[in-house]
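Per-entry structural report
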4 protein chains.
Amino acid sequence: MGHAGVMLNTYPADLGGVDRQVLANCIEACFDCAQTCTACADACLSEHAVAELVRCVRTNLDCADICATTGRVLSRHTGYDANLTRAQLEACAQACRSCGDECGLHAHMHEHCRVCAEACRRCAQSCNELLAALG
Amino acid sequence: MGHAGVMLNTYPADLGGVDRQVLANCIEACFDCAQTCTACADACLSEHAVAELVRCVRTNLDCADICATTGRVLSRHTGYDANLTRAQLEACAQACRSCGDECGLHAHMHEHCRVCAEACRRCAQSCNELLAALG
Amino acid sequence: MGHAGVMLNTYPADLGGVDRQVLANCIEACFDCAQTCTACADACLSEHAVAELVRCVRTNLDCADICATTGRVLSRHTGYDANLTRAQLEACAQACRSCGDECGLHAHMHEHCRVCAEACRRCAQSCNELLAALG
Amino acid sequence: MGHAGVMLNTYPADLGGVDRQVLANCIEACFDCAQTCTACADACLSEHAVAELVRCVRTNLDCADICATTGRVLSRHTGYDANLTRAQLEACAQACRSCGDECGLHAHMHEHCRVCAEACRRCAQSCNELLAALG
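As a starting point, this report considers the structure included with it. Just so we're clear, the structure is a prediction, and the values are computed from it rather than from any experiment.

Definitions and limits used
- Residues numbered from 1 in each chain as written.
- Chains lettered and ligands numbered in written order.
- Predicted model: local features only at pLDDT ≥ 70, side-chain atom pairs only at ≥ 80, totals over all residues.
- Heavy atoms only, no water.
- Helix = DSSP H or I, 4+ residues; strand = E, 2+ residues; numbered from the N terminus.
- Rg over C-alpha atoms; globule rule 2.2 N^0.38 Å.
- Buried < 20%, exposed > 50% of the residue type's maximum accessible area, 1.4 Å probe, protein only.
- Contact = heavy atoms within 4.5 Å.
- Buried area = accessible area lost by both parts, 1.4 Å probe.
- Salt bridge = Lys/Arg side-chain N within 4 Å of Asp/Glu carboxyl O.
- Polar contact = N/O pair within 3.5 Å; in protein donor to acceptor, adjacent residues only side chain to side chain.
- Nonpolar A, V, L, I, M, F, W, Y, C, P; charged D, E, K, R; others polar.
- Least-squares fit on C-alpha atoms with pLDDT ≥ 70 in both.
- 1 Å grid on protein atoms, 1.4 Å probe; cavity = no way out; pocket = protein on both sides within 12 Å on 5 of 7 lines; lining within 4 Å.
- Points joined across faces, edges and corners; volume = space filled by probe spheres on them.

**Observations concerning the overall build of chain A**
In terms of regular secondary structure, chain A is built from five helices and zero strands. Listing each helix as α and each strand as β along chain A from the N terminus yields α-α-α-α-α. Radius of gyration (C-alpha) of chain A: 16 Å, near the 14 Å computed for a compact globule of 135 residues. Counting only C-alpha atoms and orienting by the principal axes, one finds that chain A spans roughly 50 × 25 × 20 Å. Counting every position in chain A, which comprises 135 residues, the buried fraction comes to 64%. Residue pairs in contact within chain A that sit at least 24 positions apart in sequence constitute 71% of those at least 6 positions apart.

Laid out in structure tokens, this is it:
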């Protein structure tokens, strides 16, 4: 079990019937994707072809910020607000689709984009699974 | 003109026909609301009645994170992605409505909640105006 | 008075004798600098000469993150920890010096770097004034 | 190998002789600690004894922000600035010491504080190891 799952198990109040595994997976996918997108933006900056990667840097920066915020929102359970959580999860799924698509365009040229596209797709899928589980 | 408007005017490429004043207002509203919600969460923690304010603290923390991320996304113009921007703006409008409503419940008791509810409503309105301007 | 000063005045407990004006100035300088550095990194990405600005983008991204975190730490007063606050203020003063110097190198070429260098220097000075006021 | 180590191996330019394992460990410790402190602050809010935990919530919030920013700074290698990196690492080590100590006071009562104190101590140690490795 990852650290997010360990912390979920220490929460002292009711989690409201959410699927713990789906929630823990999504929290960890968000934090991993935030780190990966931050590193991919920086790796793009270090490429000779940086001028062809500016859209990729920008999408990585947005996706890193959005995943980090979504991972924080999902790490909180007290005073749960379904509308707020759902809207942020939808923004995160969209950012991860955008960034996965953009990094996917450069995956054959740059290994960091290939790894990052995978992290984005995994996070988009985790967000969608959590949205489905929240009903 | 605020600092966000000053920086908008230095952007070297095309801004794509967006209303600069509406965009600058929204960026500044997001950053101001992020600061105000961070301070309101902390002020709630310092109240004797903190046990009655835990939902308010939580919503403040979410709203602070979401506004900060939205303000950053809106501060970037290179490689603009309409779907990503719109989804994050909708999440921000929702978070500001939730937090404005929650702080509004305590506004008659706590001045920090009264000021914070106003900042949240102003930010929600700025997000909705920008969403309308983006078409 | 700016929004950070307004919120300071609503804090329900003792602020421990800190100079309110110096504290409010520093909070607002941190949030303004975080926005300005985020926008400057993006403006650099949009320049034809982006390949010559990669160090500037990177330093802007670090400075934006560090100023945002410092602004949040300074917006909290409950359970004040002098060692933690002082260490983060010193990191922020250093980041603002680094970023002000780097942007200053490009200020004659790029208006966004000129404005950003000023924001960084103002924030570095505010951090140093607050460090001095904290004793 | 964790995701931070995978991304380090895709970096296209020179990493300047830093010990990759020490760097990857520190990046992952920062992101893990940021998640854990965010969750611990929220778990404290849900305790009946929240009024006795307000200092713990506050230190958790600071530590989460500082670890998140430090993890981002360390995920960037382009245009490395030793002074900036070192100052932020020192702030992070201090925040993790403060938060580990505070959570440690409640570890016998609250499992989330026990787990969080461990994450903070691990992150403080990783920061100190990286500071030593950077020379």
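From this point, the discussion proceeds with the structure in view.
**Examining the interface of chain A and chain D**
Counting residues at the interface gives 33 residues for chain A and 33 residues for chain D. Roughly 2,800 Å² is buried in total at the junction of chain A and chain D, and carbon and sulfur atoms are behind 63% of that figure. Here chain A is connected to chain D by two salt bridges. Residue Asp65 of chain A pairs with Arg72 of chain D through a salt bridge whose shortest N-O separation is 2.7 Å. Seen at the junction of chain A and chain D, the total is 14 residue pairs in polar contact (both at pLDDT 80 or more). Among the secondary structure elements, those contributing two or more residues to the side of chain A that touches chain D are α1 (3–10), α2 (20–45), α3 (54–74) and α5 (111–134) of chain A. No other element matches the twelve residues that α2 of chain A contributes to the side of chain A that touches chain D. Broken down by class, the residue content of the side of chain A that touches chain D amounts to 16 nonpolar, ten polar and seven charged.

**Looking at the relation of the copies chain C and chain B**
After a rotation of 180° and a shift along the axis of 0.0 Å, chain C superposes on chain B with an RMSD of 0.0 Å. Considering both components of the superposition, the chain copies are consistent with a two-fold axis. Among all C-alpha atoms of chain C, that of Phe31 of chain C lies closest to the rotation axis, at 3.5 Å. Comparing interface residues between copies, 100% of those in chain C also lie at the interface in chain B; the contact surface is shared.

**Some remarks on the interface of chain C and chain B**
Between chain C and chain B, the residue contacts involve 33 residues of the former and 33 residues of the latter. Summed over the three residues of chain C that lose the most area to chain B, namely Met7, Gln35 and Asp42 of chain C, the buried surface amounts to 23% of that side. At the boundary of chain C with chain B, the tally comes to two salt bridges. Between chain C and chain B we count 14 residue pairs in polar contact (both at pLDDT 80 or more) in total.

**A look at the relation of the copies chain A and chain D**
Mapping chain A onto chain D calls for a rotation angle of 180° and an axial translation of 0.0 Å; the resulting RMSD is 0.0 Å. Of the residues that chain A buries at the interface, 100% are likewise interface residues in chain D, meaning the two copies contact each other through the same surface.

**Some thoughts on empty space enclosed by the protein**
Inspection of every chain in the model, using the stated rule, returns seven cavities of 30 Å³ or more. Lining the largest cavity are 20 residues, and of these Arg72 of chain A, Ala68 and Arg72 of chain B together with Ala68 and Arg72 of chain C lie nearest its centre. Those elements giving two or more residues to the lining of the largest cavity turn out to be α3 of chain A, α2 (20–45) and α3 (54–74) of chain B, α2 (20–45) and α3 (54–74) of chain C together with α3 (54–74) of chain D. Class assignment for the residues of the lining of the largest cavity results in eight nonpolar, four polar and eight charged.

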